[in-house]
Amino acid sequence: MSGADTQVQPRRSGLTRRQKRALSRGVQYAVFIAAVALFAATADWARLKNQFAQWDLVQQMFPDVITLALKNTVLYTMSGFVVGLVLGMVIALMRLSPVGPYRWVAGIYIEIFRGLPALLIFVFVGVAVPLAFPGTEIPGGTYGKVALALGLVSAAYMAETIRAGIQAVPKGQMEAARSLGFSHARAMVSIVIPQAFRIVIPPLTNELVLLFKDSSLVLFLGVTLEERELTKFGRDLASQTANSTPILVAGLCYLLVTVPLGFVVRRLEAKAGEATR
Amino acid sequence: MSASGTPEIQVRDLHKSFGDNEVLRGIDLEIRQGEVVCVIGPSGSGKSTLLRCVNLLEEPTKGQVFVGGTEVTDPDVDIDAVRRRIGMVFQQFNLFPHLSVTENLTLPQRRVLRRDKAEAARIAAANLDRVGLAEKADAYPSSLSGGQQQRVAIARALAMGPEVMLFDEPTSALDPELVGDVLAVMRMLADEGMTMMVVTHEMTFAREVADRVVFMDGGVIVEDGTPAQVIGAPSHERTRHFLSRLLDPAMADVEEEAPDAAEKGS
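Predicted model only: the values in this text are computed from it and were never measured. (Residues numbered from 1 in each chain as written. Chains lettered and ligands numbered in written order. Predicted model: local features only at pLDDT ≥ 70, side-chain atom pairs only at ≥ 80, totals over all residues. Heavy atoms only, no water.)

Participant: Describe the overall build of chain B, and please don't skip the residues or the numbers.
Facilitator: Within chain B one finds nine helices and ten strands. Here the C-alpha atoms of chain B give a radius of gyration of 19 Å, agreeing with the 18 Å that 2.2 N^0.38 yields for 266 residues. Along the longest, intermediate and shortest principal axes, the C-alpha atoms of chain B span 60 × 45 × 40 Å. Counting over 266 residues, chain B shows a buried share of 54%. (Helix = DSSP H or I, 4+ residues; strand = E, 2+ residues; numbered from the N terminus. Rg over C-alpha atoms; globule rule 2.2 N^0.38 Å. Buried < 20%, exposed > 50% of the residue type's maximum accessible area, 1.4 Å probe, protein only.)

Written out as C-alpha cells, the structure is:
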C-alpha cells in the first residue's frame, strides 16, 4: 500500500503548469531588461558618441566610401566569384568523371582549399607566387591577384555545391535524354546542368555573401589608394583620425549589400522548396 | 494486324547480371515490323531490364540485340544514332521540367537531329496534336496531370520519327482514371502500324491491342504467343498463377512458396 503511494508523482511546488510557464517567461524578460539597463547606466555615452558618431567624419568619407571603396569591394567580389564559378564547375565535373586521376585531383584540390584559411591563400598568391616564379606577372595587377585568390578559395566550395546539384537531378533525366539520342556530353549541357543550376542558385548566392566579406582580405596584399576597398578604406581613415566612426560606416556599407542578398537567398530557397513537384 | 517481314527487334541469348543477381538468363525474342508485343510478368522477372537492354540503357552481360538490322550490342556501334530510331517512354515520364511542353519536343529535334527552328516547331505541334494536347503547348510539365505528362512524353519520342517504340510500364505511375487517355494514344499508334514493345500490367490493353504477349518469370521467357493463348488459355502453371493474382488480387491466399493455390486461374 505504501508502494502504491510512492508511485504517485510527488508535487514539488504548489504552482500549476501555466503558472510555472508564466514565471519562467517573467524571469527571462527580467534578465534581459536588467542587462540592457546595466549597459545603459555604465556606458560612457559621450565617449561612445565621440568615437562612433562623428558626423563631420561621416561627411568626409562620402562620396569616396561608395564610389571607390564599395565599388572596389563589389569588383573584387564579382571577379572572384566568376573565377570561382568557372573553376568550380570544372572541378565538379572532374569529381564526377569516370577517369580516376581527374576525380583524385579534384578531391585533393577541394580538401586543400577548403581546409586552408582564406588569408593564407591571399598571402600565397600575393607573396609566395611572385617569389617562387620570378618574372611571372598575374594579369590585372591587384585585381587579378584578388580574383585569383578569391576564386581559388571559393572554387572548392562551389565545386562541392555544383556536384551535389548535378547529383540531385533525377537519373531519369539523363536516361530520357540518352534515349532521345543525346550524347552524354550534350545531355549534360542541355538537360542536366541547367536543372542543377536551378537547384544550386540559393547556396551559390550564399557563397557570394561569404566572398563579399572575404574580399576584405585584400588588405594583406598591399594596395594603392585607388585600389582600397571598404575595410582598408575604413581602417586607414580610422587610424588617421584616431576615431572609430569610419569603421562603423564601412560596416554599414557591407550590411547594405549582405542583408538584401541574404533576404534574396531566403526567398530563393522558399521558392525552390515549393517548386519541387 | 500482324505484319510479316524482317524482324525489327531481335534479341539473342541475352543475359544480364547486377553483381551476383542474374536478372536475365538467356532471352531469345523477335519482333517483326509493325508488331505490338506486350511483355508481362511479376515484378523482378526482368521485363523492364529486357526492355532497357534493347536501347542499351542497360548494358547486357552477354548476348546480342539487333534493331532494324543494326547490332546495338556491338561495342563500336554509334549508340546515339541507333537510339534516334528507338523511342522510349518511361514509367516516371521524365519530361524535362525546366522546359515548356513545346521545348521538350523541339530541343531534342534541334540538338540531336539538327532540324531548324521552324521545322522542329511544326513537327512538335503536329505530334502534340496527335496526342490531343495542342492546347498545352506553352505549359510547363509541373502544371500537367500525370496522364498529360505521359502523353507529352510519347509525343516527344514520336517527334524524333522513331521506327520502334519501347514502353516501360507507361501507366503504372498514373491515377487509375488517367490510364485510359494514355492507352488510347498507344492504341492509336498500334493501329498506325508502329512497332511496339510494351512492358505493362494492363491486361485489357494486352488482350485487345497486342499481336503477341510474352510472359516472363525469373529472367526467362516462360510463354510467348497470341493474347488468346497466353492470357486466355495459359499453358504454364506460373502464367496461370500470375494472371489469377493480377486479375483478382483480393482472392490471393497467404501462401508459403509453393504456387499451387492458383488452380482456378483461367
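Participant: So what's going on with the environment of B:Ile9? Which residues, and what values?
Facilitator: Residues and elements named next belong to chain B. Position of Ile9 among the secondary structure elements: in strand E1 (residues 7–18). Residue Ile9 is classed as buried on the basis of its relative accessible area, which comes to 1%. Sequence separation of Ile9 and Lys62 is 53 residues, and the distance between their C-alpha atoms is 17 Å. Beyond its immediate chain neighbours, meaning those up to four positions away, Ile9 contacts Leu29, Glu30, Ile31, Val54, Phe66, Val164, Leu166 and Met197. (Contact = heavy atoms within 4.5 Å.)

Participant: Which residues make up the packing of helix H5 (residues 64–95) of chain A against helix H10 (residues 184–214) of chain A, and what are the values?
Facilitator: All names here are of chain A. Across the interface, H5 lies against H10 with an axial gap of 11 Å and an inter-helix angle of 140°. It follows from the interaxial angle that H5 and H10 lie oblique. Remark: the crossing between H5 and H10 carries right-handed chirality. Residues Leu70, Thr73, Val74, Thr77, Met78, Gly80, Phe81, Leu85, Met89 and Leu93 of H5 touch H10, and the partners they reach there are Met188, Ile193, Phe197, Leu204, Leu208, Leu211 and Phe212. For the contact of H5 with H10, a count of residues per class yields 14 nonpolar, three polar and no charged. (Axes fitted to C-alpha atoms, helices over the stretch in contact; angles between N-to-C directions. Parallel < 35°, antiparallel > 145°, perpendicular 65-115°, else oblique. Left-handed = near helix turned anticlockwise from the far one by under 90°. Nonpolar A, V, L, I, M, F, W, Y, C, P; charged D, E, K, R; others polar.)

Participant: Can you tell me about the pairing of strand E6 (residues 86–89) of chain B, naming the residues and giving the values?
Facilitator: Residue and element names in this part refer to chain B. In E6, alternate side chains face the same way, and those of Ile86 and Met88 on one face and Gly87 and Val89 on the other are all buried. Across four bridges, the pairing between E6 and strand E7 (residues 164–168) is parallel. The residue of E7 that forms the bridge with Gly87 is Met165. (Pairing = 2+ DSSP bridges.)

Participant: Just give me the short version of the interface of chain A and chain B, but keep the residues and values in it.
Facilitator: Tallying the contact residues gives 18 residues for chain A and 25 residues for chain B. Each partner contributes to the roughly 1900 Å² buried at the junction of chain A and chain B, and carbon and sulfur atoms together form 58% of this total. Linking chain A to chain B there are two salt bridges. Here B:Arg52 and A:Glu175 are joined by a salt bridge, their closest N and O atoms 2.7 Å apart. At the surface where chain A touches chain B, the tally comes to seven residue pairs in polar contact (both at pLDDT 80 or more). Those elements giving two or more residues to the side of chain A that touches chain B turn out to be helix H9 (171–179) and H10 of chain A. The element best represented in the side of chain A that touches chain B is H9(A), accounting for seven residues. For the side of chain A that touches chain B, a count of residues per class yields six nonpolar, seven polar and five charged. (Buried area = accessible area lost by both parts, 1.4 Å probe. Salt bridge = Lys/Arg side-chain N within 4 Å of Asp/Glu carboxyl O. Polar contact = N/O pair within 3.5 Å; in protein donor to acceptor, adjacent residues only side chain to side chain.)

Participant: Please provide a residue-by-residue account of the packing of aromatic side chains, values included.
Facilitator: Residues and elements named next belong to chain A. All chains considered together, the criterion is met by five aromatic pairs over all chains. Summarising the aromatic geometry, the rings of Phe212 and Tyr254 are spaced 5.7 Å apart at their centres and angled 85° between planes, so their arrangement reads as edge-to-face. On the criterion of sequence distance, the pair formed by Phe212 in helix H10 and Tyr254 in helix H12 (residues 245–275) is long-range, its members being 42 residues apart. Since its relative accessible area comes to 4%, Phe212 is described here as buried. A relative accessible area of 12% places Tyr254 in the buried class. (Phe/Tyr/Trp six-rings, centres within 6.5 Å; stacked < 30°, edge-to-face > 60°.)

Participant: Got a sec to walk through the packing of H5(A) against helix H8 (residues 141–168) of chain A? Specific residues and values, please.
Facilitator: Residues and elements named next belong to chain A. Their axes nearest at 5 Å, the elements H5 and H8 cross at an angle of 45°. Compared by their axis directions, H5 and H8 come out oblique. Where H5 crosses over H8, the two elements pack in a sense that is right-handed. Broken down by class, the residue content of the contact of H5 with H8 amounts to 20 nonpolar, nine polar and three charged.

Participant: Lay out helix H4 (residues 117–130) of chain B in plain terms, naming residues and giving numbers.
Facilitator: Residues spaced three or four apart along an α-helix point in a common direction, a consequence of the helix completing one turn every 3.6 residues. Residue and element names in this part refer to chain B. Taking 1.5 Å as the rise per residue, H4 with 14 residues should run 20 Å; its terminal C-alpha atoms sit 20 Å apart, in good agreement. Within H4 the residues assigned to the buried category are Ala120, Ile123, Ala124, Asn127 and Leu128. Down the axis of H4, the sector holding all buried residues measures 135°, keeping them to one side. For H4, the exposed residues lying more than 90 degrees away from the buried face are Ala118, Arg122 and Asp129. Buried residues belonging to H4 abut helix H3 (101–112) and helix H5 (146–158). If you check the start of H4, you find a side-chain oxygen 3.1 Å away from the backbone N of Ala118, and it comes from Asp116. Following H4 by one or two positions, Gly132 adopts a phi angle in the positive range, close to 75°. (Expected span 1.5 Å × (residues − 1). Arc of directions from axis to C-beta.)

Participant: Outline H10(A), supporting the account with residue identities and numerical values.
Facilitator: With 31 residues, H10(A) should reach 45 Å at 1.5 Å per residue; the first-to-last C-alpha distance of 37 Å falls well below that figure. Taking the largest bend as the criterion, H10(A) deviates by roughly 50°, centred on A:Val200, and proline A:Pro202 comes between one and four positions later. (Bend = angle between axes of the 7 residues up to and from the residue.)

Participant: Give a description of the confidence of the model for chain B that names residues and reports values.
Facilitator: All names here are of chain B. Summarising the model, chain B shows a mean pLDDT of 90, and 93% of its residues fall at 70 or more. Low pLDDT, under 50, characterises residues 260–266; the stretch is placed with eight contacts to residues that sit more than four places away or in other chains. Across the interface, the model reports ipTM at 0.88; the global pTM reads 0.79. (pLDDT = per-residue confidence, 0-100.)

Participant: An account of the side chain of B:Asp80 is needed here, citing residue identities and associated values.
Facilitator: In this fold, B:Asp80 is placed in helix H2 (residues 79–84). When neighbours within four sequence positions are excluded, B:Asp80 is seen to be in contact with A:Arg178, A:Gly181, A:Phe182 and A:Ser183.

Participant: Give a description of unusual backbone geometry that names residues and reports values.
Facilitator: Residue and element names in this part refer to chain A. Here the phi dihedral of Ala242 falls at roughly 50°; this positive angle occurs in a residue that is not glycine. Relative to the helices and strands, Ala242 is located in the loop between helix H11 (230–241) and H12. Residue classification places Ala242 among the exposed positions, given a relative accessible area of 60%.

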